[in-house]
Amino acid sequence: MKVVMYKSFVVRIYPDEVQENFFTNQFGCCRFVFNTFLDAKKKVYTENGEYLSFYDCSVMLTELKKSKTWLKRVDSTGLIESLKNLENAFNRFFNQISKYPRYKTKHNPVQSYKTNNINNNIRINGKCIRLPKVGWIRFRTHQKITGQIQSVTVKRKASGKYFISILCKKCYKTYF
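About the thresholds
Residues numbered from 1 in each chain as written. Predicted model: local features only at pLDDT ≥ 70, side-chain atom pairs only at ≥ 80, totals over all residues. Heavy atoms only, no water. Pairing = 2+ DSSP bridges. Helix = DSSP H or I, 4+ residues; strand = E, 2+ residues; numbered from the N terminus. Axes fitted to C-alpha atoms, helices over the stretch in contact; angles between N-to-C directions. Contact = heavy atoms within 4.5 Å. Polar contact = N/O pair within 3.5 Å; in protein donor to acceptor, adjacent residues only side chain to side chain. Patch = residues over 30% accessible without salt bridge, like charges linked within 9 Å, V, L, I, M, F, W, Y side chains within 5 Å. Areas by Shrake-Rupley, 256 points an atom, 1.4 Å probe, with all protein chains shown as cover. Salt bridge = Lys/Arg side-chain N within 4 Å of Asp/Glu carboxyl O. Expected span 1.5 Å × (residues − 1). Buried < 20%, exposed > 50% of the residue type's maximum accessible area, 1.4 Å probe, protein only. Core = buried A, V, L, I, M, F, W, Y, C linked by side-chain atoms within 4.5 Å. Phe/Tyr/Trp six-rings, centres within 6.5 Å; stacked < 30°, edge-to-face > 60°. Lys NZ or Arg CZ within 6 Å of the ring centre and 35° of its normal.

A. Examining the sheet that holds strand β1 (residues 2-14) more closely. Taken together, seven strands build an open sheet; the order of strands is β2-β6-β7-β1-β5-β4-β3 and the sheet is antiparallel. Strands at the two margins of the open sheet, each flanked by one partner only, are β2 (111-116) and β3 (123-125). Averaged over all pairs of adjacent strands, the angle between strand axes in this sheet comes to 35°, irrespective of strand direction. Where β1 lies against strand β7 (residues 162-173), twelve bridges are found, and the strand directions are antiparallel. Bridged to K2 within β7 is K173. Helix-sheet contacts for helix α1 (residues 17-48) involve β1, β2, β4 (128-131), β5 (135-140), β6 (148-156) and β7, and the interaxial angle to β2 is about 90°.

In C-alpha cells:
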C-alpha cells in the first residue's frame, strides 16, 4: 500500500531586475483577471440571476487574451489559478464560511501567484530553480528539497523580498 504525503518548502529567491519586472507584471495580470471576472460574475447575476461557472470564465479568459495581448506575456497557469481562487472564494461564500469576495488591490503588502508543474516545467538544479516564462532563479535553503514538485507559489513581501513555496509530493510504501 502506498501513502502519499505533501510537504511544502519555503525558500528565499533572488531574482534579477528583469525577473522582478516579470513578477510585477504577473501579479498585476492575476489581479486584473480576478477583478475582471469578479465584476463579470456580479454583472451577470444582477442582470440575469445566473451564475458564471469556472468553465464559462475560462472560455471568457481565452477571448480576453485575444483582445489584451499583454496577458499573453505572463504565465497562463497563474491566470487560471486566479480564476480558481475566485471560484473558491465564491464557494466559501455560498457555504457561509467567509464573506463575499472583495477586489484585489496592488496596495496589499503581500503579492503572490501560483503556478503548477506541467510536463516538468519547474525544475531544481543545485541552488537554482526554473520557473515557466521566468527562467533560472537563485535561491537559498538550509534543507534538501525532496519529492516531486507539484506547484510553486511566488510571493513578494512588503519589504520587497521574494519567497517561493514549493509543494512536493512523496510516496511511501507501508506494510500493514
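Continuing now.
B. Here's a closer look at the environment of K127. Topologically, K127 is positioned in the loop between β3 and β4. Linking K127 and I13, residues 114 residues apart in sequence, is a C-alpha distance of 9.7 Å. Here K127 is in contact with I137, R138, F139 and T141, once residues within four sequence places are set aside. Among the polar contacts listed, one links the side chain of K127 to the backbone oxygen of T141, at a separation of 3.4 Å.

C. Fine view of a nonpolar patch on the surface. Taken together, the side chains of V3, M5 and Y172 make up a nonpolar region of the molecular surface, amounting to roughly 260 Å² of accessible area. Within the secondary structure, M5 sits in strand β1.

D. Local environment of helix α3 (residues 76-94). With 19 residues, α3 should cover 27 Å at 1.5 Å per step; its first-to-last C-alpha distance of 27 Å lies within 8% of that length. Residues of α3 that are buried include every one of T77, G78, L79, E81, S82, L83, L86, E87, A89 and F90, and no others. Following α3 by one or two positions, Q96 has its phi on the positive side, about 60°.

E. Representation of the pairing of β7. The pairing of β6 with β7 spans eight bridges and is antiparallel. Note on β7: the bridge partner recorded for V152 is I166. In sequence, β6 turns back onto β7 through a hairpin of five residues, with G160 there showing a positive phi of about 90°.

F. View of the nonpolar core. Among the nonpolar cores identified, the biggest contains 38 residues, and F23, I129, L131, V152, V154 and I166 are the most heavily contacted of them. In terms of residue count, α1 provides more of this core than any other element does, ten residues in total. The residues touching V154, leaving out its near neighbours within four places in the chain, are I13, F23, F27, Q111, S112, Y113, L131, F163 and I164.

G. Looking closely at the packing of aromatic side chains. Scanning all chains against the criterion turns up twelve aromatic pairs. When the ring of F93 is compared with that of F94, the centres are 5.5 Å apart and the planes differ by 55°; the resulting orientation is tilted. The class of F94 is partly exposed, set by a relative accessible area of 47%. Members of the aromatic cluster, each reached through a chain of ring pairs, are F22, F23, F27, Y113 and Y162. The aromatic ring of F163 is capped on one face by K157, whose charged end is 5.5 Å from the ring centroid.

H. Highlighting the side chain of N117. Tracing the backbone shows N117 in the loop between β2 and β3. From its side chain, N117 meets the backbone nitrogen of N120 in a polar contact 3.4 Å long.

I. Focus on the environment of V152. With respect to the helices and strands, V152 occurs in strand β6. Setting aside anything within four residues of it in sequence, one finds V152 in contact with Y113, K114, T115, I122, I129, L131, I164, S165 and I166.

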